[in-house]
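Residue-level structure breakdown
Listed below, chain by chain, are the residues.
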Amino acid sequence: RMFGAALLDTAQHLTWIFIFFGIVSFAVAILFKTLLDHIDVKGSDDCFSNVPEAVYSLFQITTMDNWELIARPFLRHSRLWTCFFIGFIIFNSYVMISLLNALVCE
């Protein structure tokens, strides 16, 4: 009985963490797509042609699945993109995973 209550409480917190993660990813994808409409980064069309593709590409960056292939065209365009990608990876990979670990350990 206590286990079920704890599991239900954990599921509720997990849901909110995933909703927060989804909102952040969706907002950054919209911002990214809007920005790319105003600048021309050669090679970025495959990953950021529309918002769903942008969300998926940002998820790949978060999980570090071939993220260097996604980031390389931007880094060729300007080295300032390094700050964005490092900041995004730090926030999503480390902060979000730390939240999940804290919740599970609770």
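Residues numbered from 1 in each chain as written. Predicted model: local features only at pLDDT ≥ 70, side-chain atom pairs only at ≥ 80, totals over all residues. Heavy atoms only, no water.

This brings us to the environment of His-38. In this structure, His-38 sits in helix H1 (residues 2–38). Sequence separation of His-38 and Phe-59 is 21 residues, and the distance between their C-alpha atoms is 23 Å. (Helix = DSSP H or I, 4+ residues; strand = E, 2+ residues; numbered from the N terminus.)

Judged by side-chain polarity, Phe-20, Phe-91, Val-95 and Leu-99 come together as a nonpolar surface patch covering roughly 310 Å² of accessible area. Top element by residues in the nonpolar patch is helix H4 (residues 81–105). It accounts for three residues. Looking at the secondary structure, you find Phe-20 in helix H1. On the accessibility criterion, Phe-20 (42% relative accessible area) is partly exposed. (Patch = residues over 30% accessible without salt bridge, like charges linked within 9 Å, V, L, I, M, F, W, Y side chains within 5 Å. Areas by Shrake-Rupley, 256 points an atom, 1.4 Å probe, with all protein chains shown as cover. Salt bridge = Lys/Arg side-chain N within 4 Å of Asp/Glu carboxyl O. Buried < 20%, exposed > 50% of the residue type's maximum accessible area, 1.4 Å probe, protein only.)

A few words on H4. Spanning 25 residues, H4 covers 35 Å between terminal C-alpha atoms, matching the ideal 36 Å at 1.5 Å per step. Taken together, the buried positions of H4 are Trp-81, Phe-85, Phe-88, Ile-89, Asn-92, Ser-93, Met-96 and Leu-103. Where the residues of H4 are buried, they touch H1, helix H2 (51–63) and helix H3 (67–77). (Expected span 1.5 Å × (residues − 1). Contact = heavy atoms within 4.5 Å.)

Keep in mind these numbers describe shape, not what the thing actually does.
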